[in-house]
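# Close look at the chain arrangement
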Amino acid sequence: MKQLFAPFANMSRKVIYLLVIGQLLVALMLWHNLSHGLIPKPIKIAENFFALLPTKVFWDNILVSLVLTLKAMAISILVTLFFAYLSVVPFFSGLAKFLVKCRYLTLTGLIFVFTLLTQDGSQLKLSLLVFGIVPFFVTSFLSVITSIKNQEYDLCKTLRYNRWQTLYEVIIIGKADQVLEIIRQNFAISWLMITMVEGLSMSEGGIGTLLIKYNKYNDLGNVLAIQLSIFLLGLFFDFLLGFLKKWLFPYTKLQTQ
Amino acid sequence: MVVPLHKTSNTIAMMEYRKEEILLKAEKINLFFGEKQVLRDIDLCIKNIVRPGVTQGQVVSLLGRSGIGKTQLFRILSGLQKPTSGTVTGIDNKPIMQGDMGVVFQNYYLFEWRTIRQSLELAAKKNPQLKPTDIKDQIDQQAQLFNLTEHLNKYPQQLSGGQRQRASIIQQLLNGSNFLLLDEPFSGLDVIMLEKVVELLLKVSLSDELKTLILVSHDIETSVALADTTFILAQEDGKPGATIIKEVDLCERELAWEKDVKNKKEFANTVQEIKALL
Ligand SMILES: Nc1ncnc2c1ncn2[C@@H]1O[C@H](COP(=O)(O)OP(=O)(O)OP(=O)(O)O)[C@@H](O)[C@H]1O
Ligand SMILES: [Mg+2]
């Protein structure tokens, strides 16, 4: 029992799972007993959730959002990798650093500009998303690059690699596992932005549009049910990417053990 | 082992050697970190040693106390780092460039994302003397020699320190530079492994006339036993930075290339002498 509160104490998996489940149950019970009227009780949300699950509207909208997110992620990764890999080339390093600072630009102010630049709603959404995601990706990836130890470069030098071969070996191959990790960490950000972006251009639907609709009618049970599904999908992708990483890059598992 | 009297003439014949062309020369090396001088006026010269009937490479050791600047000098010699002033040149006075020397670092760094076999393959591909078709055989052969066969498909994280060290050494051997610099190759080894590494380095030094090993170490006995020349890096009274205060020619003292050198009286004297200088 004392172990539970000792820093760095090693617990078996079973204990950890039991703890999490127990804490979750307590939280749900508190919620159930303390919420009156305005905030729906967890049971109500579960009911709404299971009612939504078999509907076509729900899956169609989820699909729209997922496709858009994945598209945006794919483009963002390509853009990020391009700039991150080239950030070690002096000509491009300034640009990469500027992209990092773009995190501080809020999207809202740029919507009009993007509307002028793009042709339709789906393009607008996509470009906004990409523009929103890329700075975060680049930030994470540049920090991976700057934390590369000199030793890695030194080894390349002693093996007579030229600079491009060094870039290839140390950064592209050597940090490929980090790309997946970055995607995993930043998936949350793109998943967060999707609902916002979809609110801007509602014509094609999507989970964000659905949220806004229910919000308008004060249908809090359904709103929270959708939140729950967004949450679960996020968890699912987190797991999937983690699994992919272990499978593709077995050495990363060794390092954390 | 005491050498029987009637064999003495024979031993002397064995010790016949000549020093020929210069293989590596460092002149007036100074290194500063900001205001702080680490290395001062370092001059050293390594010549090709030729022995009749033996393909004899060179083994040079660089001794000095911890923190004196051995690793820094080593980085300068290998071309990885530019000195504040001074030059390092190789055969025919050509400046040494990074990549001219194989380097085994103090902590045996290997690409963590490559299996040992992949790392070795990559190193071997950069060796102009190796035909692509021979690479696999060479790797298997070296791995056998260094007791690494069963570890070839592992990642560096899965190896012990000694195994990593051997993998680093093979990596650089396959890469094919004539010079092999080893930073502290004897630290963290048990007695048996130490003997094995020494044996292995000797084997390497006998593999090619021009092969030159430079060992950086603070293990005096092992370095002296293995080397033909020892440079001592230390601080001189009242002067900033470390410099080479003595070059001990072990061939001259008949302490080179002999298996049982440690039993010689002269060996003990030399070790004592060096200890006093550090
Ligand atoms: N980047 C640096 N900046 C400033 N001083 C440094 C730097 N790197 C090394 N030094 C200093 O240079 C000196 C020599 O360091 P070096 O690593 O060459 O020692 P060493 O002889 O190899 O020691 P050891 O046997 O412990 O490995 C040390 O006093 C160290 O503090
Ligand atoms: Mg050192």
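Residues numbered from 1 in each chain as written. Chains lettered and ligands numbered in written order. Predicted model: local features only at pLDDT ≥ 70, side-chain atom pairs only at ≥ 80, totals over all residues. Heavy atoms only, no water.

Right, let's get into the overall build of chain B. Broken down by element type, chain B carries eight helices and nine strands. Buried residues in chain B amount to 54% of all 278 residues. Considering only residue pairs separated by 6 or more positions, chain B has 71% of its internal contacts joining residues 24 or more positions apart. If you sum the accessible surface of chain B, you get close to 13200 Å²; carbon and sulfur atoms cover 51% of it. Averaged over its 34 positive side-chain charges, chain B has a centre that lies 3 Å from the centre of its 35 negative ones. (Helix = DSSP H or I, 4+ residues; strand = E, 2+ residues; numbered from the N terminus. Buried < 20%, exposed > 50% of the residue type's maximum accessible area, 1.4 Å probe, protein only. Contact = heavy atoms within 4.5 Å. Areas by Shrake-Rupley, 256 points an atom, 1.4 Å probe, with all protein chains shown as cover. Lys, Arg positive; Asp, Glu negative; His and termini not counted. Charge placed at Lys NZ, Arg CZ, Asp CG, Glu CD.)

What follows concerns the interface of chain A and chain B. Taken together, the 20 residues of chain A in the interface contact 26 residues of chain B. Here chain A meets chain B over a buried area of about 2300 Å², counting both sides, of which 58% is carbon and sulfur. Of all residues in chain A, A:Leu155, A:Thr158 and A:Arg160 bury the most surface against chain B, accounting for 29% of the area lost on that side. Summed over the shared surface of chain A and chain B, the result is two salt bridges. Where chain A packs against chain B, one counts twelve residue pairs in polar contact (both at pLDDT 80 or more). Those elements that place two or more of their residues in the side of chain A that touches chain B are helix H7 (150-158), helix H8 (163-173) and helix H12 (250-256) of chain A. Per element, the largest residue contribution to the side of chain A that touches chain B is seven residues, and it comes from H7(A). The residue makeup of the side of chain A that touches chain B, split by class, is nine nonpolar, five polar and six charged. (Buried area = accessible area lost by both parts, 1.4 Å probe. Salt bridge = Lys/Arg side-chain N within 4 Å of Asp/Glu carboxyl O. Polar contact = N/O pair within 3.5 Å; in protein donor to acceptor, adjacent residues only side chain to side chain. Nonpolar A, V, L, I, M, F, W, Y, C, P; charged D, E, K, R; others polar.)

Bound to the magnesium ion (ligand 2) on the protein side are B:Thr71 (OG1) and B:Gln106 (OE1), at distances that span 1.9 to 2.8 Å. Residue B:Thr71 is located in helix H2 (residues 70-77), and its partner B:Gln106 is located in the loop between strand S5 (101-104) and helix H3 (116-125); the two are separated by 35 residues in the primary sequence. (Donors = N, O, S within 2.8 Å, 3.2 Å for Na, K, Ca; no water.)

A cluster of nonpolar residues, A:Tyr17, A:Ile21, A:Leu24, A:Leu25, A:Leu28, A:Trp31, A:Leu38 and A:Ile39, forms a patch on the protein surface that exposes about 840 Å² of accessible area. By the secondary structure assignment, A:Ile39 is in the loop between helix H1 (13-34) and helix H2 (42-52). (Patch = residues over 30% accessible without salt bridge, like charges linked within 9 Å, V, L, I, M, F, W, Y side chains within 5 Å.)

So, on to the environment of B:Lys36. Residue and element names in this part refer to chain B. Structurally, the position occupied by Lys 36 is in strand S2 (residues 36-50). By relative accessible area, which is 58% here, Lys 36 ends up exposed. Along the backbone, Lys 36 and His 218 are 182 residues apart, and their C-alpha atoms lie at a distance of 23 Å.

Residue and element names in this part refer to chain B. For Tyr 108, which is not a glycine, the phi torsion comes out positive at approximately 50°. Secondary-structure assignment places Tyr 108 in the loop between S5 and H3. In this structure Tyr 108 comes out as buried when scored by relative accessible area, which is 9%.

We now examine the nonpolar core. Ranked by internal contacts, the top residues of the largest apolar core, which has 69 residues, are A:Leu129, A:Phe141 and B:Phe111. No other element matches helix H6 (residues 121-146) of chain A, which puts 13 residues into this core. When near neighbours in sequence (up to four residues on either side) are disregarded, B:Phe111 contacts A:Glu152, A:Leu155, A:Cys156, A:Leu159, A:Tyr161, A:Glu169, A:Val170, B:Ser119 and B:Pro156. (Core = buried A, V, L, I, M, F, W, Y, C linked by side-chain atoms within 4.5 Å.)

To continue, consider H7(A). A:Gln151, A:Glu152, A:Asp154, A:Leu155, A:Cys156 and A:Thr158 are the residues of H7(A) that are buried. Buried positions along H7(A) lie against H8 of chain A together with H2, S5 and helix H5 (161-175) of chain B.

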